[in-house]
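Here are the chains, one letter per residue:
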Amino acid sequence: MSADDTTQTAAPAAANAMWGGRFERGPDAIMQAINASIGFDQRLYAQDIAGSRAHAAMLAAQGILTSKDAEAIREGLLTVLSEIEAGNFEFRVEQEDIHMAVESRLTEIIGEAGKRLHTGRSRNDQVAVDFRLWVRAQCDAAIAGLTALMQAFVAQAEAGADWVMPGFTHLQTAQPVTWGHHMMAYVEMLARDRSRFEDARRRMNECPLGAAALAGTSFPIDRHATAAALGFDRPTANSLDSVSDRDFALEFLSASAICAMHLSRFAEELVIWSSAQFRFVRLSDKWTTGSSIMPQKKNPDAAELLRAKMGRILGATVALFTVMKGLPLTYSKDMQEDKEQVFDAADTLMLGLAAMTGMVSDMQAVTGNLRAAAASGFSTATDLADWLVRELGLPFREAHHVTGTLVGMAEKRGCDLPELSLEDMQSVYAGIRADIFDVLGVDNSVNSRKSYGGTSPDQVRVQIARWKAVLA
């Protein structure tokens, strides 16, 4: 191809059939490339055909289409559906989008009746209903994926309800907690994620079909019938909003982004925990890889890739907000850029949920290392301070000072708090008694945290029982 060839316009063919007599020439080749969405919105084929079947049935019920034409359309659409699902359908760029691809093939199959399908609707409300149906299904898939992951975390929690491990703040040892308590923290996070998808699904469950281009239609259509046929609660109430709304996609992305952040946080913990420096967990060969040069390596690549891939969801969320933020009512072609972002985010989220469920189910806690780490770093210092307040009546600030002094003493001697003698402790505060040692062990520490939602094994089992009932 010569350099000039790259700027030549497309052959001056007849105007695009979609646009009728207004255009005398076909589009420039580059315009055709930037304008077409068939390369990605073909994913909406099932939703597009479902919407068209509901629309045609309604048109017939209202006497707008003859029953003969409606039956031909119904059968023709089923043929198109079977062709696509069998991989025998040719998607062509000149058809622009999934709507025209389906309608063009339908007309080839059944003739003139296929041209009547678009009565009383526009591609604006057509894409709005297709996309809403697709996103609604993705909410259902995300809810199912989250439920499976929550069950995996609950199973880990039940296995280790009383395994002691360090709790961290600033990634520094803070207080002993239980493995079960840590696992159940993610159940709570994921439950919020699940509720966000459920809420978003409820809000998006209104049908925009019948809003037409932007102002509704003069045909006597029955929007409640099409809404019911497609499983919506009701039709949307304002035609302008119906064709310009992408809140449902933004809510899906927002819920996905928060969920992705939660998945990434645990992926980071898996990377840290499986390192030689921590050795808190083992991941099997299913979720790790080796090194091409270092034979000893067993890398947590699945967790690392999941951690990175979640950033794509955050990026998609920002991208669609950026597309929508400057658009006046109603439809603008900018909105064609909504789908690739949502498709990629949905694919990435489902892959992340599946991978994380596999890793959580597969990981094995190294309980000896967890316990040893829990006992390090003066992790029971807060228990000592609490004992001073509870048993000796010291104000907490004074108890904090006494405990800090004892921590400094233990640090200088290279020992932990339980290894100080009673005399050592009494040299800092004379009122300390021998029963102080009853609270300093890690088991004593976690068993004492019996407040609702606390880390004691009894409280952890209460939460496990609650969530097992909910998830059942």
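Residues numbered from 1 in each chain as written. Predicted model: local features only at pLDDT ≥ 70, side-chain atom pairs only at ≥ 80, totals over all residues. Heavy atoms only, no water.

### Quick word on the side chain of Thr236
Quick reminder of the rule: Counting from the N terminus, the helices are the DSSP runs of H or I reaching at least four residues and the strands are the DSSP runs of E reaching at least two. Polar contacts here mean pairs of N or O atoms no more than 3.5 Å apart (in protein, one a potential hydrogen donor and the other a potential acceptor; neighbouring residues in sequence count only if both atoms are side-chain atoms). The contact criterion used throughout is that any non-hydrogen atoms of two residues lie within 4.5 Å.
Checked against the element boundaries, Thr236 lands in the loop between strand S4 (234–235) and helix H9 (239–244). At 2.5 Å, the side chain of Thr236 forms a polar contact with the side chain of Ser242. Aside from chain neighbours lying at most four places away, what touches Thr236 is Arg132, Glu206, Cys207, Pro208, Arg223 and Ser242.

### Quick look at the state of the cysteines
Convention followed: By definition, disulfides here are pairs of cysteine sulfur atoms that lie within 2.5 Å.
Evaluated as defined, the whole model comprises zero disulfides. Not engaged in a disulfide, the cysteine Cys207 finds its nearest cysteine sulfur in Cys139; these two sulfurs lie 16 Å apart. Of the cysteine sulfurs around Cys259, a residue in no disulfide, the closest is that of Cys139, at 12 Å.

### Here we look at the nonpolar core
Convention followed: Nonpolar core, defined: a set of buried Ala, Val, Leu, Ile, Met, Phe, Trp, Tyr and Cys residues in which side-chain atoms within 4.5 Å join the residues together. A simple rule labels every residue: compare its accessible area, found with a 1.4 Å probe on the protein chains alone, to the largest value its type can have, and call it buried under 20%, exposed over 50%, or partly exposed in between.
In terms of nonpolar packing, the biggest core is built from 93 residues, with Phe197, Leu263, Phe266 and Met356 touching the most fellow members. By residue number, the principal contributor to this core is helix H10 (residues 247–273), which donates 16 residues. Among residues more than four places away in sequence, those in contact with Phe266 are Phe153, Met183, Tyr186, Trp273, Met356, Val360 and Met363. By size, the runner-up hydrophobic cluster in this structure holds 21 residues, among which are Leu406, Val407, Cys415 and Ile436.

### Points about the environment of Phe266
The residue Phe266 is located in helix H10 in this model. Given a relative accessible area of 1%, Phe266 falls into the buried group.

### As for helix H14 (residues 381–392)
Where we set the bar: For a helix, the expected span equals 1.5 Å multiplied by the residue count minus one.
In a regular helix each residue adds 1.5 Å, so twelve residues correspond to 16 Å; H14 covers 16 Å between its end C-alpha atoms and thus fits that length. Every buried residue of H14 is accounted for by Ala381, Asp383, Leu384, Ala385, Trp387 and Leu388. Among the structural elements, helix H15 (396–413), helix H16 (422–428) and helix H17 (442–448) are those in contact with the buried residues of H14. Within two residues after H14, Gly393 carries a phi angle of roughly 75°, on the positive side.

### Details of the environment of Arg282
Of note, Arg282 is situated in strand S5 (residues 281–282). Note: C-alpha distance between Arg282 and Trp387 (105 residues apart in sequence) is 36 Å. Contacts of Arg282, omitting those with residues within four sequence positions, involve Asp362, Met363, Gln364 and Val366.

### Quick notes on the packing of aromatic side chains
Quick reminder of the rule: Under the pairing criterion, centres of Phe, Tyr and Trp rings, with the six-membered ring standing for Trp, must be within 6.5 Å; the plane angle then separates stacked pairs below 30 degrees from edge-to-face pairs above 60, leaving the rest tilted. Whether a charge lies above a ring is judged from NZ of Lys or CZ of Arg, which has to be within 6 Å of the ring centre and within 35 degrees of the ring normal.
Inspection of every chain in the model, using the stated rule, returns 14 aromatic pairs. An aromatic cluster is built from Phe153, Trp163, Phe168, Trp179, Tyr186, Phe266, Trp273, Phe278 and Phe280, whose rings are joined through pairwise contacts. It is Arg136 that lies over the ring of Phe232; its NZ or CZ is 4.7 Å from the centre. The ring centre of Phe131 lies 5.5 Å from the NZ or CZ of Lys339, which sits over that ring.

### Remarks on the packing of helix H3 (residues 45–61) against helix H4 (residues 67–85)
Selection criterion: The angle between two axes is taken between their N-to-C directions and runs from 0 to 180 degrees, where each axis is a line fitted to C-alpha atoms and a helix contributes only its stretch in contact. Under this scheme an angle from 65 to 115 degrees is roughly perpendicular, one under 35 degrees roughly parallel, and one over 145 degrees roughly antiparallel; angles in between are oblique. Under the grouping applied here, Gly and all other residues not named as nonpolar or charged are polar, the nonpolar ones being Ala, Val, Leu, Ile, Met, Phe, Trp, Tyr, Cys and Pro and the charged ones Asp, Glu, Lys and Arg.
At a minimum axis separation of 9 Å, H3 and H4 run at an interaxial angle of 175°. By the criterion of interaxial angle, the relationship of H3 to H4 is roughly antiparallel. Between H3 and H4, the residues in contact are Tyr45, Ile49, Ser52, Arg53, Ala56 and Ala60 and Ala70, Ile73, Arg74, Leu77, Leu78, Val80, Leu81, Ile84 and Glu85, respectively. When its residues are assigned to classes, the contact of H3 with H4 shows eleven nonpolar, one polar and three charged.

### A closer look at H3
With 17 residues, H3 should cover 24 Å at 1.5 Å per step; its first-to-last C-alpha distance of 24 Å lies within 8% of that length. Listed as buried for H3 are Gln47, Asp48, Ile49, Gly51, Ser52, Ala54, His55, Ala56, Met58 and Leu59. Against H4, helix H5 (98–110), helix H6 (123–159) and helix H8 (223–229) lie the buried residues of H3. A positive phi of about 80° marks Gly63, the residue just after H3.

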